[in-house]
Amino acid sequence: MRVMVAIFALMVSLVACADDQAAAPAFKAGTHYVVLDNPVRTMDPSKIEVTEVFWYGCGHCFQFEPIVHQWAEKQPADVDFERSPAMWNDAMKVHAHAFYVAKALGILDKVHQPLFNALNLERKRLADVDELADFFADYGVDEETFEKTYKSFGVTSQVKQADARARSYKITGTPEVVVDGKYRISARMAGGQKEMLDVADFLVAKIRAERG
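Residue numbers run consecutively from 1 along every chain, following the written order of its sequence. Local features in a predicted model are, by the rule used here, given only for residues with pLDDT of at least 70; side-chain atom pairs are given and counted only at 80 or more, and totals for whole chains, interfaces and linings are based on all residues. Calculated side-chain values reflect all of the structure's heavy atoms, with hydrogen atoms and water omitted.

Draft legend 1. Looking closely at the pairing of strand β5 (residues 183-186). Here β5 shows a buried face lined by Y183 and I185 and a second buried face lined by R184 and S186. Of the strand pairs in this sheet, strand β1 (residues 34-35) and β5 are connected by two bridges, and their pairing is antiparallel. Bridging from a neighbouring strand, V34 pairs with R184 of β5. Strands pair, by our definition, only if DSSP identifies at least two bridges between them. Only DSSP runs of H or I with at least four residues qualify as helices, and only runs of E with at least two residues qualify as strands; both kinds are numbered from the N terminus onward. In terms of strand pairing, strand β4 (residues 176-179) meets β5 through four bridges, oriented antiparallel. Note that in β5 the partner of V177 across the bridge is I185. Turn length for the β4-β5 hairpin, with the two strands adjacent in sequence and antiparallel, is three residues, and the turn residue D180 shows positive phi of about 55°. Using a 1.4 Å probe on the protein chains alone, a residue whose accessible area is under 20% of its type maximum counts as buried, one over 50% counts as exposed, and one in between counts as partly exposed.

So, in structure tokens, the structure goes:
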């Protein structure tokens, strides 16, 4: 009888150990993602913000776009997916303007992928206002409207904020994903582009649990 009790106790102990291992974090800070020293304020504190930092001219971002788009479409109401353009030179700043001009004019859904295609497949530069104006003209935006929006206070402010945000995130490349202004994920650390979103899912669940 004592032997049976001992065997049962051992089995319970093994099951408990297995459960503890299953519950252990799948991803680790410093290995799969970076914990930012100074969290960056999110746009809506009531949501869990997931931000993709990208550049239209980045081939890796071009490959990541359909993956992250599909992921974003499946997110529940408490997750707020945002895009934020990176800019390390004048051309990237022009492309950041293009993103916010499209948002301001309400045509981002129409031109987001075509902007990627123009730079990565058609090898266009779109590196100045005139080239961008011609591009937007194909989507029904006249030159005057485009230039007025491009130079507007709203668009200029958003470009500056995006630049400051990327610096605060301490972005090392594109694409990178930042979860709730606290955690930065790169493909190199996560192990690939799909894996970046696996880590994002883990962190979203972590934050959701912490908030109760």
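Draft legend 2. Broad picture of the environment of F116. Note on placement: F116 falls in helix α4 (residues 108-120). Separated by 57 residues in the primary sequence, F116 and G59 place their C-alpha atoms 8.7 Å from one another. For this analysis, residues touch if any pair of their heavy atoms sits within 4.5 Å. In this structure, F116 is in contact with F54, W55, Y56, C61, F62, E65 and L121, ignoring residues within four places of it in sequence.

Draft legend 3. Representation of the pattern of salt bridges. Salt bridge, as used here: a side-chain nitrogen of Lys or Arg that lies within 4 Å of a carboxyl oxygen of Asp or Glu. The full count for this structure, using the stated rule, is ten salt bridges. Note that K182 and D180 form a salt bridge whose closest N and O atoms lie 4.0 Å from each other. For D180, a relative accessible area of 5% puts it in the buried group. With a closest N to O distance of 2.7 Å, E210 and K206 form a salt bridge.

Draft legend 4. Structural view of a negative patch on the surface. Residues D128, D130, D134, D138, D142, E143 and E144 make up a contiguous surface patch of negative charge. Relative to the helices and strands, D128 is located in the loop between α4 and α5 (129-137). Like-charged residues within 9 Å of one another, or nonpolar side chains (Val, Leu, Ile, Met, Phe, Trp, Tyr) within 5 Å, are grouped into patches, provided each residue has over 30% relative accessible area and no salt bridge. For accessible areas, the Shrake-Rupley method is used with a probe of radius 1.4 Å. Any residue's cover is judged against the shown protein chains and nothing else. Counted as positive: Lys and Arg. Counted as negative: Asp and Glu, with His and the chain ends omitted from the count. The atoms used to mark charge sites are NZ of Lys, CZ of Arg, CG of Asp and CD of Glu.

Draft legend 5. Local environment of the confidence of the model for the protein chain. pLDDT measures the predictor's confidence residue by residue and takes values from 0 up to 100. Summing up the model confidence of the protein chain, the mean pLDDT is 91 and the portion of residues at 70 or higher is 88%. In this model, residues 2-24 is a region of pLDDT below 50 whose contacts with residues beyond four sequence positions or in other chains number zero contacts.

Draft legend 6. Here's a closer look at the sheet that holds strand β3 (residues 79-85). Taken in spatial order, the five strands of this open sheet run β1-β5-β4-β2-β3, and their pairing is mixed. Bordering the open sheet on either side are β1 and β3, each of which pairs with just one other strand. Helix axes are fitted to C-alpha atoms over the stretch in contact, other axes to C-alpha atoms as well, and angles between N-to-C directions run from 0 to 180 degrees. Here helix α9 (residues 193-211) sits on the sheet and contacts β2 (48-54), β3, β4 and β5; the angle it forms with β5, its principal contact strand, is near 165°.

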